[in-house]
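# Observations on chain architecture
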Amino acid sequence: NAGVMQNPRHLVRRRGQEARLRCSPMKGHSHVYWYRQLPEEGLKFMVYLQKENIIDESGMPKERFSAEFPKEGPSILRIQQVVRGDSAAYFCASSAQDQETQYFGPGTRLLVL
Amino acid sequence: GNSVTQMEGPVTLSEEAFLTINCTYTATGYPSLFWYVQYPGEGLQLLLKATKADDKGSNKGFEATYRKETTSFHLEKGSVQVSDSAVYFCALMNRWSGNTGKLIFGQGTTLQVKP
């Protein structure tokens, strides 16, 4: 039973480029959460999605960041025109239902040069 | 609002020592409480959880009791091993009606266990 999968595990971008982070939830899970971990800090909630719907985006920066979870395929977190402050580890978690236990992927570590 | 506060780290212990990592929370409603562990370069693994007051979560020798009267969920282990060295995160999920299931995390506590 595969866990939550994220790719790539490491991503290097230059300032101004786009970053696309992918998350495949656990089998049977249709709820996906994205969190960001800045260096030496805890995790901060970004966005919560169900299939084809954004349910809660209260933690998303207002500009340059977007997320989707299409009917088919993984959830995507997209960062346009990256800046050095976007360098962080981005974790995806999934659950079977809202407010149920979340299981985390290994994360994508984004480095912006 | 909702928040979680953990004790400052790093915590450095010798093998077989007793471990306590303090965690207190602020929340409206009836939160569920969690401890997650993060090993170097990896994602978070659920260690244990408790969903209501006086519940005790336990796993791999770790325990934590949901104390509503002190709004605490301290993590304990009777005898730590070198392999327990990791970062430990306390988190809450506020199940108050209308909230989504996002997790609110503490800042993390680094545990270093020396042989």
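Residues numbered from 1 in each chain as written. Chains lettered and ligands numbered in written order. Predicted model: local features only at pLDDT ≥ 70, side-chain atom pairs only at ≥ 80, totals over all residues. Heavy atoms only, no water.

### Some thoughts on the interface of chain A and chain B
- Contact residues are listed per partner, giving 22 residues for chain A and 22 residues for chain B.
- In total, chain A and chain B occlude about 1700 Å² of area from one another, counting both sides; carbon and sulfur atoms represent 51% of this.
- Taken together, the links from chain A to chain B amount to one salt bridge.
- Along the contact surface separating chain A from chain B lie eight residue pairs in polar contact (both at pLDDT 80 or more).
- Breaking the side of chain A that touches chain B down by element, the ones donating at least two residues are β4 (31-37), β5 (43-50) and β6 (53-56) of chain A.
- Residue composition of the side of chain A that touches chain B, by class: nine nonpolar, seven polar and six charged. (Contact = heavy atoms within 4.5 Å. Buried area = accessible area lost by both parts, 1.4 Å probe. Salt bridge = Lys/Arg side-chain N within 4 Å of Asp/Glu carboxyl O. Polar contact = N/O pair within 3.5 Å; in protein donor to acceptor, adjacent residues only side chain to side chain. Helix = DSSP H or I, 4+ residues; strand = E, 2+ residues; numbered from the N terminus. Nonpolar A, V, L, I, M, F, W, Y, C, P; charged D, E, K, R; others polar.)

### Quick notes on the pattern of salt bridges
- Applying the stated criterion to the full structure yields seven salt bridges over all chains.
- Residue K102 of chain B is joined to D56 of chain A by a salt bridge in which the shortest nitrogen-to-oxygen separation is 3.6 Å. Of this pair, K102 of chain B sits in the loop between β10 (86-94) and β11 (103-105) while D56 of chain A sits in strand β6, on two different chains.
- Salt bridges sharing partners connect three or more residues here, namely E18, R20 and R78 of chain A.

### Here's the deal with the state of the cysteines
- Under the criterion given, the structure shown has two disulfides over all chains.
- Residue pairing for C23 of chain A: its cysteine sulfur links by disulfide to C92 of chain A, the two sulfurs lying 1.7 Å apart. Negative torsions about the S-S bond denote left-handed disulfides, and the value of about -45° found for C23 of chain A with C92 of chain A makes this one left-handed. Within this pair, whereas C23 of chain A is found in strand β3 (residues 19-24), its partner C92 of chain A is found in strand β9 (residues 88-95), the two being separated by 69 residues in sequence.
- Each sulfur of the disulfide joining C23 of chain B and C90 of chain B lies 2.0 Å from the other. In this structure the cystine formed by C23 of chain B and C90 of chain B twists about its S-S bond by roughly -70°; its chirality is therefore left-handed. With C23 of chain B in strand β4 (residues 23-26) and C90 of chain B in strand β10, this residue pair connects regions lying 67 residues apart in the sequence.
- With a relative accessible area of 1%, C23 of chain B lands in the buried category. (Disulfide = S-S within 2.5 Å. Buried < 20%, exposed > 50% of the residue type's maximum accessible area, 1.4 Å probe, protein only.)

### Quick notes on the pairing of strand β5 (residues 31-38) of chain B
Residues and elements named next belong to chain B.
- Taking burial as the measure, the eight residues of β5 include eight buried ones, the bulk of the element.
- Residues P31, L33, W35 and V37 point to one face of β5 and S32, F34, Y36 and Q38 to the other, with burial holding for every one of them.
- Alignment of β5 against β10, held across eight bridges, turns out to be antiparallel. The partner of V37 across the bridge, within β10, is Y88.
- Counting the residues that bridge the hairpin from β5 to strand β6 (residues 44-50) gives five residues, and of these G41 lies at a positive phi of roughly 75°. (Pairing = 2+ DSSP bridges.)

### With respect to the sheet that holds strand β1 (residues 5-7) of chain A
Residue and element names in this part refer to chain A.
- Read from one edge to the other, the open sheet built from four strands follows the order β1-β3-β8-β7, with strand pairing classed as antiparallel. Two strands in the sheet have a free side with no partner beyond their single neighbour: β1 and β7 (65-68). Neighbour-to-neighbour, the strand axes of this sheet turn through a mean angle of 15°, independent of strand direction.
- The pairing of β7 with strand β8 (residues 75-79) spans four bridges and is classified as antiparallel. Within β8, the position partnered with S66 by the bridge is R78. (Axes fitted to C-alpha atoms, helices over the stretch in contact; angles between N-to-C directions.)

None of the figures reported here should be taken as evidence of function without further support.
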